[in-house]
Amino acid sequence: MDKWLIIYGIVFFAGLLVTAGATPLFRRLAHVTGMLDRPSSNHKGHAQATALFGGAAMFSSWLLIITGASAVVYFNWIPECFSNIYAMHLPGFSQVAQKELFFIALGALFAVLLGLIDDKWALKAKWKFLGQFAVALTAVIWGGVRINVFINSEVFSICITIFWIMLLMNAINFFDNMDGLAVGTIAVAMLFFTIISALNNEYFVAAFAALNCGVCCGFWIYNSNPASIFMGDSGSHFLGYLAAVVSAGTTYFDLRFSQSRFPVLIPLLILALPLFDTFMVVVIRTLNKKPFWIGDHNHISHRFVRMGLSRKMAVMLVHLMALNIALGALPVYWGDFRTAAIILLQTVVLFSIITILQFFLEVRKDAVEEHKKITVSDKK
């Protein structure tokens, strides 16, 4: 186990360093090719044209490391200290690498290309959803990504996994509305997927999640406020896809530890914040009779800003919330039924408090503004 911890650390720092080195190159490439996000509407929160090749930077770094790791295993360039791990797990890795890993990477490529096309030409929603469906289908049918819950049916498993992948690609796309917000939240999520997978001795899944965490942290350096490069739809699709693949590939129930009966809660807790935010904005847009795929300023981060926080502080608060909620996944994993029920209730209460506070303060702010207008009108 100690040697696997070293491997997790190696792939994490590899992801961090390679992405940190590659991102400035892609930032420059974006300026040369004109692949920029220009603040042409009130919906934009930045003042100047910003590079949009963040997704390509993350994907290229991620793919380079995966290819390098596969080459190390294939050509047996294994250090002597890891030879016993190599001998024990080579058959399993070879089986995965020969097919599943290739198609998972292919799905990631499709996700990034779809996002780049959308960044450049702003696809209509129906074409974007169709592209997301193709990405999900690649991962599920050929990549072997499957969710197995509740019903022992292959058709149900395929359908729910496709839905999960598409849901997370859109959720992270919606959630990417402030500098560093989405990539930091996914970095936190990948950290906990690494921990849960490692506890379950799912070594390759844990290493995969650790790599993803490192890639996120490497890009975070340039995407945090003030961002010098945006991930764009290519990055949000890529990170949403990775979150879906890792969460589907991790086992959340181990009889050695858990008697909670609620293993399905663990990925939902780890990814609770972007899922909750997506649910809320869809409800708000539907109640306002607006298409749910059209962006607005009703995200939780925007509401924190309207409460008086700076954008940087709002992002930090969201990240702390994501960390706090994800920590609840560990007691659910280790605990019993009562533990899981209390953690779930605690999470619901937390979201309720945040929603009530945001709603109350916004209503109060609107009332104050209306009062000021009436006072000025009376003076005239």
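Higher on the page you've got the structure.
To keep things clear, this report deals only with the structure shown in the data block. Quick caveat: nothing in here was measured; it's all calculated off a predicted structure.

1. Topic: the overall build of the protein chain
Next, step 1: The helix and strand tally for the protein chain stands at 14 helices and two strands.
Next, step 2: For the protein chain, buried positions account for 49% of its 380 residues.
Next, step 3: Pairs at least 24 residues apart make up 75% of the contacts formed inside the protein chain by residues separated by at least 6 positions.

2. Some details on the nonpolar core
A general feature of soluble globular proteins is that nonpolar side chains tend to end up buried together.
Next, step 1: Among the nonpolar cores identified, the biggest contains 111 residues, and Trp62, Met190, Phe193, Phe238, Leu239, Tyr241 and Leu271 are the most heavily contacted of them.
Next, step 2: At 13 residues, the largest contribution of residues to this core is made by helix 7 (residues 203-223).
Next, step 3: Leave out the neighbours within four places in its chain, and Met190 touches Ala209, Asn212, Cys213, Leu242, Ala243 and Val246.

3. Examining the side chain of His319
Next, step 1: Position of His319 relative to the elements: it lies in helix 12 (residues 311-327).
Next, step 2: A relative accessible area of 10% places His319 in the buried class.

4. Looking at helix 8 (residues 232-249)
Next, step 1: Helix length check: helix 8 (18 residues) gives 26 Å between terminal C-alpha atoms against 26 Å at 1.5 Å per residue, within 8%.
Next, step 2: In terms of burial, helix 8 is largely enclosed, as 17 of its 18 residues are buried.

5. Details of the packing of helix 4 (residues 125-142) against helix 8
Each pair of packed helices gets described by two things: the angle between the helix axes and the distance between those axes.
Next, step 1: Contact geometry for helix 4 and helix 8: axes closest at 12 Å, N-to-C directions at 35°. Between helix 4 and helix 8 lies a crossing of right-handed hand. Here Lys128, Gln132, Val135 and Ala139 of helix 4 come into contact with helix 8, specifically with Asp233, His237 and Tyr241.
Next, step 2: Considered class by class, the residues forming the contact of helix 4 with helix 8 number three nonpolar, two polar and two charged.

6. Here's the deal with the pattern of salt bridges
Next, step 1: Counted under the stated rule, the structure contains four salt bridges.
Next, step 2: Salt-bridge contacts for Glu154 lead to Arg146; the nearest nitrogen and oxygen are separated by 3.7 Å.
Next, step 3: Ionic pairing is found between Arg338 and Asp336, a salt bridge with its closest N-O pair at 2.9 Å.
Next, step 4: Judged by relative accessible area, Arg338 falls into the exposed class, the value being 59%.
Next, step 5: Bridged by salt links that share partners, the residues Asp118, Lys128 and Asp233 form one connected network.

7. Brief notes about the side chain of Asn170
Next, step 1: Mapped onto the secondary structure, Asn170 falls in helix 5 (residues 154-175).
Next, step 2: Residue Asn170 is classed as buried on the basis of its relative accessible area, which comes to 12%.
Next, step 3: Here the side chain of Asn170 touches Gln132 through a polar contact of 2.7 Å, side chain to side chain.

8. Description of a nonpolar patch on the surface
Next, step 1: Together, Met307, Leu345, Val349, Ile353 and Leu357 give the surface a local cluster of nonpolar side chains, amounting to about 430 Å² of exposed area.
Next, step 2: Following the sequence through the fold, Met307 ends up in the loop between helix 11 (300-306) and helix 12.

9. A short note on the packing of helix 6 (residues 181-199) against helix 8
Next, step 1: Closest axis-to-axis distance for the helix 6/helix 8 pair is 11 Å, and the angle between their directions is 15°. Regarding the angle of helix 6 to helix 8, the classification is roughly parallel. Here the hand of the crossing between helix 6 and helix 8 comes out left-handed. Along the contact surface, helix 6 presents Val183, Ile186, Met190 and Phe193, while helix 8 presents Leu239, Leu242, Ala243, Val246 and Ser247.
Next, step 2: Considering only residue class, the contact of helix 6 with helix 8 consists of eight nonpolar, one polar and no charged.

10. Details of the packing of aromatic side chains
Next, step 1: Taken as a whole and assessed by the stated rule, the structure comprises 14 aromatic pairs.
Next, step 2: For the pair Phe292 and Trp293, a centre-to-centre distance of 5.1 Å together with 80° between the ring planes defines the contact as edge-to-face.
Next, step 3: Using a relative accessible area of 32% as the deciding quantity, one classes Phe292 as partly exposed.
Next, step 4: Overall, Trp293 belongs to the partly exposed group, its relative accessible area being 43%.
Next, step 5: Counting every residue linked through ring pairs, the aromatic cluster contains Trp4, Tyr8, Tyr203 and Phe204.
Next, step 6: The residue whose ring lies beneath Arg285 is Phe174, and the NZ or CZ to ring-centre distance is 5.2 Å.

11. Considerations on the environment of Thr250
Next, step 1: Residue placement: Thr250 occurs in the loop between helix 8 and helix 9 (265-270).
Next, step 2: Separated by 48 residues in sequence, Thr250 and Glu202 place their C-alpha atoms 7.4 Å apart.
Next, step 3: Side-chain polar atoms of Thr250 contact the side chain of Ser197, separated by 3.2 Å.

What counts and how
Residues numbered from 1 in each chain as written. Predicted model: local features only at pLDDT ≥ 70, side-chain atom pairs only at ≥ 80, totals over all residues. Heavy atoms only, no water. Helix = DSSP H or I, 4+ residues; strand = E, 2+ residues; numbered from the N terminus. Buried < 20%, exposed > 50% of the residue type's maximum accessible area, 1.4 Å probe, protein only. Contact = heavy atoms within 4.5 Å. Core = buried A, V, L, I, M, F, W, Y, C linked by side-chain atoms within 4.5 Å. Expected span 1.5 Å × (residues − 1). Axes fitted to C-alpha atoms, helices over the stretch in contact; angles between N-to-C directions. Left-handed = near helix turned anticlockwise from the far one by under 90°. Nonpolar A, V, L, I, M, F, W, Y, C, P; charged D, E, K, R; others polar. Salt bridge = Lys/Arg side-chain N within 4 Å of Asp/Glu carboxyl O. Polar contact = N/O pair within 3.5 Å; in protein donor to acceptor, adjacent residues only side chain to side chain. Patch = residues over 30% accessible without salt bridge, like charges linked within 9 Å, V, L, I, M, F, W, Y side chains within 5 Å. Areas by Shrake-Rupley, 256 points an atom, 1.4 Å probe, with all protein chains shown as cover. Parallel < 35°, antiparallel > 145°, perpendicular 65-115°, else oblique. Phe/Tyr/Trp six-rings, centres within 6.5 Å; stacked < 30°, edge-to-face > 60°. Lys NZ or Arg CZ within 6 Å of the ring centre and 35° of its normal.

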